[in-house]
Amino acid sequence: IFRGDFVEVTREIIDGFRNTGGFDMLGSGRHKIETDEQMQNSMTVCAGLGLDGLIVIGGDDSNTNAALLAEFFEAQGCKTKVIGVPKTIDGD
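What comes next is a walk through the structure.

Definitions and cut-offs
Residues numbered from 1 in each chain as written. Predicted model: local features only at pLDDT ≥ 70, side-chain atom pairs only at ≥ 80, totals over all residues. Heavy atoms only, no water. Core = buried A, V, L, I, M, F, W, Y, C linked by side-chain atoms within 4.5 Å. Buried < 20%, exposed > 50% of the residue type's maximum accessible area, 1.4 Å probe, protein only. Helix = DSSP H or I, 4+ residues; strand = E, 2+ residues; numbered from the N terminus. Contact = heavy atoms within 4.5 Å.

## Here's the deal with the nonpolar core
Ranked by internal contacts, the top residues of the largest apolar core, which has 13 residues, are Leu54, Leu69, Phe73 and Val82. Of all the secondary structure elements, the ones that give two or more residues to this core are α3 (36-49), β1 (53-58) and α4 (60-76). The element that contributes the greatest number of residues to this core is α4, accounting for four residues. Excluding anything up to four places from it in sequence, Phe73 contacts Met39, Ser42, Met43, Cys46, Cys78, Thr80 and Val82.

## Points about the environment of Ile14
Relative to the helices and strands, Ile14 resides in helix α1 (residues 11-17). For Ile14, a relative accessible area of 36% translates into the label partly exposed. Taking C-alpha positions, Ile14 is 8.2 Å from Met25, a pair spaced eleven residues apart along the chain. Among residues more than four places away in sequence, those in contact with Ile14 are Val9 and Met25.

Have a look at this one:
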């Protein structure tokens, strides 16, 4: 999110993934949010998109990022709520 990479999910996009499980649609990333600049960029992207919520799906690192973002957003008065959903393909 801190890089501003996103796709608005439309009916047409979903139709292309129907009955395939959807994992390819979600994609995968190994980016850790480690700096204040990345936190700020994440908040700027979410605010610019007008997001009420951000759902982070992943394992330990992803959910740590989600928790850190949630705390940062709250402290900064950002309206975007962050939710972490545990899911891993690594088996951890």
